[in-house]
Amino acid sequence: MAREFTSVGVVGLGTMGAGIVEVFARNGVDVVAVEISEGALERGRATLTGSTDRAVAKGKLAEADRDALLSRVHWQVGLDALHSVDLVIEAVPEHLDLKQRIFAELDRVCKPEAILATNTSSLSVTEISVATSRPNQVIGIHFFNPAPVMKLVEVVRTVVTSADVVADVEALCDRLGKVDVTINDRAGFIANALLFGYLNHAVGMFESHYASREDIDAAMKLGCGLPMGPLALMDLIGLDTAYEILDTMYRRGGRDRRHAPVPLIKQMVTAGLLGRKSGRGFYTYERPGSPKVVPDERTPVAAEPALADGARAIAKVGVVGSGTMATGIIEVFAKAGYEVVSVTRGAEKSAKVCEAVKTSLNKGVVRGKLSEDDRDAALGRVNWSATLEHLADVDLVVEAVVEELSVKKALFASLDEICKPGVVLATTTSSLPVIDVAMATQRPADVVGLHFFNPAPVMPLVEIVQTIRTSAETTATARAVCAALGKTGVVCGDRSGFVVNALLFPYLNDAVKMLEASYSTADDIDYAMKLGCGYPMGPFELLDVVGLDVSLAIQRELYLELREPGFAPAPLLEHLVTAGYLGRKSGRGFRDHTRR
Ligand SMILES: NC(=O)c1ccc[n+]([C@@H]2O[C@H](COP(=O)([O-])OP(=O)(O)OC[C@H]3O[C@@H](n4cnc5c(N)ncnc54)[C@H](O)[C@@H]3O)[C@@H](O)[C@H]2O)c1
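Calculation criteria
Residues numbered from 1 in each chain as written. Predicted model: local features only at pLDDT ≥ 70, side-chain atom pairs only at ≥ 80, totals over all residues. Heavy atoms only, no water. Helix = DSSP H or I, 4+ residues; strand = E, 2+ residues; numbered from the N terminus. Rg over C-alpha atoms; globule rule 2.2 N^0.38 Å. Buried < 20%, exposed > 50% of the residue type's maximum accessible area, 1.4 Å probe, protein only. Areas by Shrake-Rupley, 256 points an atom, 1.4 Å probe, with all protein chains shown as cover. Lys, Arg positive; Asp, Glu negative; His and termini not counted. Charge placed at Lys NZ, Arg CZ, Asp CG, Glu CD. Salt bridge = Lys/Arg side-chain N within 4 Å of Asp/Glu carboxyl O. Expected span 1.5 Å × (residues − 1). Contact = heavy atoms within 4.5 Å. Near = heavy atom within 4 Å. Polar contact = N/O pair within 3.5 Å; in protein donor to acceptor, adjacent residues only side chain to side chain. Nonpolar A, V, L, I, M, F, W, Y, C, P; charged D, E, K, R; others polar.

**Q** How do you make sense of the overall build of the chain when you look at a structure like this?
**A** A count of helices and strands for the chain gives 22 helices and 18 strands. Computed over C-alpha atoms, the radius of gyration of the chain comes to 27 Å, within 12% of the 25 Å expected from 2.2 N^0.38 for 596 residues, which places it in the range of a compact globule. Looking at the chain as a whole, 55% of its 596 residues are labelled buried. By element, 53% of the accessible surface of the chain is carried by carbon and sulfur atoms, the whole surface being about 25000 Å². The averaged location of the 74 negative side-chain charges in the chain is 2 Å from the averaged location of its 63 positive side-chain charges.

Okay, structure coming up:
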């Protein structure tokens, strides 16, 4: 018979604790909510009231249910109030000595059969458990932020946690409407082990002025469909908590440099910039605890497409290439009202590209997104050519030919001869250094990367890659063009992977390493990222869609350029590619797609 949990205790009512109280009280469980002082108790109570009031205002919770929910919570200072609860969840700051002290005290106060759980993100549950006389009844119950919203709970068993305690906690998660994954006690468990290297890397990009906070966050939201960007997420987690998690993961997780907290994080914590909870972190919030971002001195001035910065007027655009990207880019420019010259290597290829653009535009018409007149007008704006000389009078060239440096360099050398002065020359490369292409011309200041995402007509993001020779006018022009296309242009430096791939692929590679180490299964890892972090796809789903060969190639480039040991491609990824398991396109990758 599964254990009945009629009353639980929550210790620490900060970012996580207050949310955990809500989860239990919403599901009919009585909660004793404990803090260290009256003031802290009041803050916890205000968080719960604020959250439930918002739920009522949004029509997600009836007033009577809110009142019933609130009446189930008993607010107390000090641990003594926990003498008769069936389960305690501790959510105090991420310090081992503090947690050990609290567990020793809980062991003294709580009834002998009570289960003692920690919400730690990175500390050893085992080390916490040995501070009690009942380590077999100690377990990790790791909720995700915000606890009332995120579906996932990681249930962490130590080598001594009894099997019935694990089973009872799993049943409880079910009752709370959560999806649980049960795992062993390892730093960062599943989700944080995959998340925090990425967050730290993103902070590093911001610290080194590689890209602005808005651009880093927009890149990951729009390029990967994440619910929030990494810096906004750091603010939500709390920079003090994030610092402790990184620091613990660094020390417990094999001293991986990628977990050594970027110095800026510590500086911000020292300066009291803790994120949402203190009203200021990477962004500024309306008031402490508020989710609403308000403008501050870093907020970009709502840029009227940057004409003031010297952006050049663009009316006529050349697109070179005949593949998927070139086709999509021709469509994007033509639909936005630009006159387009498409250049391919022959009439046959031009006919194919023309057909592909037509088919895509027709789909828009069928779906009611485009009128027939607009389709015809867009097609009418495109001139089809097989001669580079036809680019003599365009204002912008977008190159989207094969991803080979020698081919691109030769093309840019020709463009340099043919194009009029002042033209912006853009490459869509996703992995080659833009500066190499720029130096094939006599006008590197006019060369920029315009990294569109596939499919170009759909994806809202373009990475604007500035080399050390790109002029401010060229960047301003690229920004203005992206805005005119209805895309979000994010400006970044000329480094392998730009923003999105540099942040995305090491995380995917880490997931493969985790699988390879048999810590968890592909299904549970995918669940953890989708239900714990709100990702649209889990890492293995995404790898199978992107293609394992493509992923491996990108990861190799990142490793070769940055020489970061943690970026070394996972051997399992290499083996799968060698075996021809490339993902959906070959019928098998991490999963077998032929049987679905
Ligand atoms: N922030 C996140 O996104 C997140 C997500 C999952 C898990 N966690 C984990 O949850 C735990 C809490 O993190 P947080 O972000 O909520 O921290 P927080 O700083 O927001 O809140 C901690 C609370 O604990 C209280 N506290 C401190 N000492 C106490 C004591 N002796 N007795 C009672 N209360 C005490 C503090 O007053 C504060 O209100 C940590 O272990 C963290 O790793 C955090």
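Having seen the structure, we can now continue with the description.
**Q** Looking at this structure, I do not really get the pattern of salt bridges. What am I missing?
**A** Under the counting rule described, the total for this entry stands at 39 salt bridges. The closest approach of N and O atoms between Glu 403 and Lys 408, which form a salt bridge, is 3.5 Å. Glu 403 gets classed as partly exposed once you look at its relative accessible area, which sits at 33%. With a closest N to O distance of 2.8 Å, Arg 591 and Asp 523 form a salt bridge. Of this pair, Arg 591 sits in the segment after helix 22 (571-578) while Asp 523 sits in helix 19 (residues 522-533), and the two are 68 residues apart along the sequence. Three or more residues joined by partner-sharing salt bridges are found here, namely Arg 213, Glu 214, Arg 280, Asp 296 and Glu 297.

**Q** What is the right way to look at helix 6 (residues 163-175) in this model?
**A** Side chains that are three or four residues apart share a direction in an α-helix, a result of its 3.6 residues per turn. With 13 residues, helix 6 should reach 18 Å at 1.5 Å per residue; the first-to-last C-alpha distance of 19 Å fits that figure. Where the residues of helix 6 are buried, they touch helix 1 (15-26), strand 4 (87-90), strand 5 (115-118), strand 6 (138-143), strand 7 (152-157) and strand 8 (179-184). Where helix 6 terminates, the next one or two residues include Gly 177, which has phi positive at roughly 75°.

**Q** Explain the site of the ligand here, please?
**A** Close to the ligand lie 25 residues; Met 16, Glu 35, Glu 94, Lys 99 and Ser 121 are nearest. Separating an oxygen atom of the ligand from a side-chain N or O atom of Asn 119 is a distance of 2.9 Å. Taking Ser 121, its side chain carries an N or O atom lying 2.7 Å from an oxygen atom of the ligand. Going through the elements one at a time, helix 1, helix 4 (96-109), strand 6 and helix 10 (239-252) are the ones with two or more residues in the shell around the ligand. Taken together, the residues of the shell around the ligand sort by class into twelve nonpolar, nine polar and four charged.

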